[in-house]
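Spelled out from the first residue to the last, the chains are:
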Amino acid sequence: MNRSRILLGFIVIALVSMSCALSGGSSSPTAAPTEPAKQVEEATLPPAATATPAVPEGLVTSVDKVKSATVQIEAQGTFVDPQVGTVYNAAGRGTGFIIDPSGIAVTNNHVVTGAALLKVWVGGESEPRSAKVLGVSECWDLAVIDIEGDGYPYLGFHEAAIDPGLEVYAAGFPLGDPEFTLTKGIVSKAKAGGETNWASVPAVIEHDARIRPGNSGGPLVDKDGKVVGINYAGNDQYDLNYAIRGQDAKKIITDLQKGDFESIGVNGQAVMSEDGTLSGIWVSSVKSGSPADKTGIKGGDIITTMEGLIIATDGTMQDYCGILRTRNASDTISVEILRFATSEYLAGQLNGKPLEVSYSFANELSGDVSGGSTQAYSEYVTVQDSYGAIQVNVPSSWSEVNGDPWVVDGEIIGASITAAASLDGFNNTYSEPGVFFAVSDDVAKLAGYVELLDAYRDVFKGDCNYKGRYDYKDSAYEGAYDVYSQCAGASNTMVVLSARPQQYKTSMLVTVFVNLMSESDAAALDEIMRTFDVVGTLP
């Protein structure tokens, strides 16, 4: 990828002149002096000429020439947004800048990763050029691309101290506008915190040279056109603008010219549910051929754990990137994924085993559940309780739903949902499939999930055969479940789960009863366990 550069040598010319004077005596070198020679006065020498290094051809040396090395980038592809869902053939625009005459340019990871096609306009050109990605890093939110052609103007890096008050200029193409924009400001903080939901950088520059969406990846330069930082974020409400420090980024940029760095090849961000029970890295898109792609991670997945550690619990990328930084790029790393589109939990390994469904009640209970229809439920619906506090997916044929609060001895202790084709049959017999899902913070103050399961066992042991207790854990909850069968002579299997949030262990307890009469009910149990959730305030 190294192309020849034009190197200019330095010519140093030193001019030294000296004069001395002798008085009296003959001008002949052999004549004897008639009197002592006067002291020779020291000659005053002119200062040696200081060599001025020649400026390499193409290097930008003033802010008014920065446009020539600034590029607009359009990334086209399919991306999955947490709020709007899948967007096909989307075209987003960002900014970048050239750092080498050969066409090597820098931008943000979130501008290019996962794109199928890149178009680049150099210095405001009317026609785009093609480019390819050389390396990306989601932890640094940096990417290096190679633009076709060579002989480009390029930017160097600011090497002096970066202190508050330094005059800076933000160059780029905000809001996707093809017109080049340059805004002026000063550095307000030289080392602001760099832990965010989309990157994990040791420190960043806070400045007031206004940037907008579309400025991402563009240069923040000084008056001489030297790169002080790489713009990557802004807050319009408070007029806060942030750039990755160029001095920190230089080594990363060098590494990215050889391939990915501190990356598994995703374009993503840290997300966390309102109640804090679910957190992880939302994957918007995946770079083809990357470790994430080879493992089977897709756009719309949430990476919930790595090496058994629940990540993004603080809403940042810090833990995710910390794991990558303590391992080599080729190391095997275990991951757990929530596939949002299908509500499946998957487990696998980066640089190892591909993803597969981590647990299936349908598979585990296949030998226990017999009889009834084997036809899978074709449609599921999401149901909520009367307060909008909890929700779960159930077969659409379980059309009778009761969302009244969970009441014990006349006291409301939490939220609940009961769903079945016949609520009367589910509530009064063991031969009707259905679900009871309830959540209580009051019960959590009195007992743990083990004590709650023990209490339920005392209730059911007179009617049912007790088959055993098993540990339960998903990306958000941990607990245990008991399995019963042949209750009151019915050919049923019943699963009773009690669990608590992994992050806030004493905040609430979840109870799920599911009565199964067929293999299709066991598949419904998988969907129920994948989708039960707390989405609002408990009564």
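## Remarks on the overall build of the protein chain
And step 1. Within the protein chain one finds nine helices and 30 strands.
And step 2. Here the protein chain, with 539 residues, has 47% of them falling under the buried criterion.
And step 3. In the protein chain, once contacts between residues fewer than 6 apart in sequence are set aside, the share between residues at least 24 apart is 61%.
And step 4. Here the protein chain has roughly 25,600 Å² of accessible surface; of this, 50% comes from carbon and sulfur atoms.

## Side note on the pairing of strand S9 (residues 200-207)
And step 1. With seven of eight residues buried, S9 lies mostly within the body of the structure.
And step 2. Sheet topology places strand S8 (residues 181-195) next to S9; five bridges connect them, and they run antiparallel. Directly across from valine 187, in S9, lies its bridge partner histidine 207.
And step 3. In this antiparallel pair of consecutive strands, S8 and S9, the connection spans four residues.
And step 4. Here S9 runs beside strand S12 (residues 240-245); their pairing, made up of four bridges, is antiparallel.

## Topic: the packing of aromatic side chains
And step 1. Going through the model one piece at a time under the given rule, you end up with 13 aromatic pairs.
And step 2. With a centroid separation of 6.0 Å and an interplanar angle of 80°, the aromatic rings of tyrosine 377 and tryptophan 398 are classed as edge-to-face. With tyrosine 377 in the loop between helix H5 (361-364) and strand S20 (380-384) and tryptophan 398 in the loop between strand S21 (390-395) and strand S22 (400-402), this residue pair connects regions lying 21 residues apart in the sequence.
And step 3. Seen from their ring centres, tyrosine 477 and phenylalanine 532 are 5.2 Å apart, and the 45° between their planes marks the pair as tilted. In this pair, tyrosine 477 is assigned in strand S27 (residues 477-485) and phenylalanine 532 in the loop between helix H9 (519-531) and strand S30 (533-534), connecting sequence segments 55 residues apart.
And step 4. The exposure class of tyrosine 477 is buried, given its relative accessible area of 2%.

## Some words on the sheet that holds S30
And step 1. Spatially, three strands are ordered S20-S21-S30 in an open sheet, and the strand pairing comes out antiparallel. If you trace the sheet from one side to the other, it starts and ends with S20 and S30, each paired once.
And step 2. Here S20 pairs with S21 via five bridges, running antiparallel. In the sheet register, glutamine 384 faces S21, and the bridge partner there is glutamine 391.
And step 3. The strands touched by H9 within the sheet are S20, S21 and S30, with S21 carrying the most contacts at an inclination of about 160°.

## Considering the nonpolar core
And step 1. Leu142, Ile264, Ile297, Ile303, Met306 and Tyr320 are the most contacted members of the largest nonpolar core, which has 56 residues in total.
And step 2. In contact with tyrosine 320, not counting residues within four places along its chain, are Glu138, Cys139, Ile264, Val266, Ile281, Ile303, Met306 and Ile311.
And step 3. In terms of nonpolar packing, the next biggest core, distinct from the first, is built from 35 residues, Val392, Val514, Ala524 and Leu538 among them.

## Some points on the side chain of serine 518
And step 1. For serine 518, the position within the fold is in the loop between strand S29 (509-516) and H9.
And step 2. Polar side-chain contacts of serine 518 include one of 2.7 Å to the side chain of serine 520.

## Some thoughts on the pattern of salt bridges
And step 1. What the rule picks out here adds up to 19 salt bridges.
And step 2. Residues aspartate 239 and arginine 210 are paired through a salt bridge, measuring 2.5 Å at the closest nitrogen-oxygen approach. Highlighted residues: aspartate 239 in the loop between strand S11 (227-235) and S12 and arginine 210 in the loop between S9 and strand S10 (219-221), separated in sequence by 29 residues.
And step 3. Of the residues examined, arginine 210 reaches a relative accessible area of 33% and is grouped as partly exposed.
And step 4. Across the pair aspartate 301 and arginine 339 runs a salt bridge whose closest N-O atoms are separated by 2.9 Å. One end of the pair, aspartate 301, is in strand S15 (residues 301-306); the other, arginine 339, is in strand S17 (residues 333-339), with 38 residues separating them in the sequence.
And step 5. Arginine 339 gets classed as buried once you look at its relative accessible area, which sits at 14%.
And step 6. Taken together, the shared-partner salt bridges in this structure form one network comprising Asp454, Arg457, Arg469 and Asp482.

So, how was this worked out
- Residues numbered from 1 in each chain as written.
- Predicted model: local features only at pLDDT ≥ 70, side-chain atom pairs only at ≥ 80, totals over all residues.
- Heavy atoms only, no water.
- Helix = DSSP H or I, 4+ residues; strand = E, 2+ residues; numbered from the N terminus.
- Buried < 20%, exposed > 50% of the residue type's maximum accessible area, 1.4 Å probe, protein only.
- Contact = heavy atoms within 4.5 Å.
- Areas by Shrake-Rupley, 256 points an atom, 1.4 Å probe, with all protein chains shown as cover.
- Pairing = 2+ DSSP bridges.
- Phe/Tyr/Trp six-rings, centres within 6.5 Å; stacked < 30°, edge-to-face > 60°.
- Axes fitted to C-alpha atoms, helices over the stretch in contact; angles between N-to-C directions.
- Core = buried A, V, L, I, M, F, W, Y, C linked by side-chain atoms within 4.5 Å.
- Polar contact = N/O pair within 3.5 Å; in protein donor to acceptor, adjacent residues only side chain to side chain.
- Salt bridge = Lys/Arg side-chain N within 4 Å of Asp/Glu carboxyl O.

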